[in-house]
Amino acid sequence: MQGFIDIYGQWIDDFGIDGYRIDTARHVNPEFWQAFIPAMTARAKAKGIENFHIFGEVFDTDVAALARHTRVDGFPAVLDFAFQSAVTDIVAGKAGTDRLARVFAGDALYQGGAAIALQLPTFLGNHDMGRFGHFVLQANPDISDTELLDRVTLGHALMMFSRGVPTLYYGDEQGFTGDGGYADAREDMFASQVARYNDNRLVGTRATTATESFRTDGPLYRRIAEMAKIRSAHAGLRSGRQVVRAQSDKPGLLAFSRMGDEGEYLVVFNT
């Protein structure tokens, strides 16, 4: 154990890194994390690094199971797989908006409660499970291009304006969809020569991954950029307390408020 602590601590000393994302955190004994996390935090503090952040990857969609790793293991935060699962289901039309409201209601279970839930990295897809665009297409294979763009935009809006730290998977802003999980969700940003990537249906564009994908004028890129600009301009949308105002057991209305020093923001979605 001490050897690992020394190695990771030395990286902080040598390179002044900002934090650690801990892979497969659930598969390590809690006693290790109970020693490792305070040691890393102390090392960063001694280095003068402010806001050093550690979060664990715990692949579980149950809020109680996620929260356990903040209470027992001592993680300051975990990747919010419960949020990812709920947003996927409601945007695809498979669940009512109460599905996500129940996730938010579980914030009290985390060590530190709702205030700590503000630090949870929220996301829509990743390199292992697959891309959000793929999940939307999988649930609605005959969807029109317009509706595909709108539903994928809706998912990103839910992530951008709700509590947590929005975490984009590279290429999603370019409309990447992939064919599934793992290797099928790792398209190249440079011009690809992989046929199973290049035949994918992208979101908001007729382009393919056979050409380089660094454009900043695509419709999904511009929508995400505009939402990020709004979030950045209003502290209440980043760190404000969240209160659910409306939900339903059917697809449709979801509304919540974000409370900040500058006032209250009402955010309304229609799935």
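In the block above lies the structure referred to throughout.
Nothing here was measured: the structure is a model prediction, and the numbers come from that model.

Visitor: What am I meant to see in the overall build of the protein here?
Guide: A count of helical and extended segments in the protein gives 11 helices and eight strands. The globule rule puts the C-alpha radius of gyration for 271 residues at 18 Å, and the 19 Å found for the protein is close to it. When the backbone C-alpha atoms are referred to their principal axes, the protein occupies close to 55 × 45 × 35 Å. Put simply, the protein has 271 residues, and 48% of those count as buried. Restricting to contacts in the protein with at least 6 residues of sequence separation, those with at least 24 account for 61%. Total accessible area on the protein stands at roughly 13,000 Å², and carbon and sulfur atoms take up 53% of it. Here the protein carries 27 positive and 34 negative side-chain charges, and the mean point of each set is 4 Å from the other.

Visitor: Which parts of the structure should I look at to understand helix 5 (residues 98–105)?
Guide: Side chains three or four residues apart in an α-helix point the same way, a direct result of the helix having 3.6 residues per turn. Within helix 5, six of the eight residues are buried, which leaves the element mostly enclosed by the surrounding structure. When helix 5 is considered as a whole, its buried residues turn out to be Asp-98, Arg-99, Leu-100, Ala-101, Val-103 and Phe-104. On its buried face, helix 5 sits against helix 3 (63–71), helix 4 (81–91), helix 8 (145–161), strand 6 (241–246) and strand 7 (253–260).

Visitor: I tried to follow the pattern of salt bridges on my own but got confused; where do I start?
Guide: As a working rule, side chains carrying opposite charge can pair if their charged atoms are close by. What the rule picks out here adds up to 20 salt bridges. Arg-201 serves as the salt-bridge partner of Asp-145, at 2.8 Å between the closest nitrogen and oxygen. Taken together, the positions of Asp-145 in helix 8 and Arg-201 in the loop between helix 9 (195–198) and helix 10 (219–233) put the pair 56 residues apart, joining distant regions of the chain. Given the relative accessible area of 30%, Arg-201 is considered partly exposed. Residue Asp-150 pairs with Arg-223 through a salt bridge whose shortest N-O separation is 3.2 Å. Taken together, the positions of Asp-150 in helix 8 and Arg-223 in helix 10 put the pair 73 residues apart, joining distant regions of the chain. Look at Arg-223 and you get partly exposed, because its relative accessible area is 31%. Through salt bridges with shared partners, a single network forms among Arg-21, Asp-23 and Glu-57.

Conventions and cut-offs
Residues numbered from 1 in each chain as written. Predicted model: local features only at pLDDT ≥ 70, side-chain atom pairs only at ≥ 80, totals over all residues. Heavy atoms only, no water. Helix = DSSP H or I, 4+ residues; strand = E, 2+ residues; numbered from the N terminus. Rg over C-alpha atoms; globule rule 2.2 N^0.38 Å. Buried < 20%, exposed > 50% of the residue type's maximum accessible area, 1.4 Å probe, protein only. Contact = heavy atoms within 4.5 Å. Areas by Shrake-Rupley, 256 points an atom, 1.4 Å probe, with all protein chains shown as cover. Lys, Arg positive; Asp, Glu negative; His and termini not counted. Charge placed at Lys NZ, Arg CZ, Asp CG, Glu CD. Salt bridge = Lys/Arg side-chain N within 4 Å of Asp/Glu carboxyl O.

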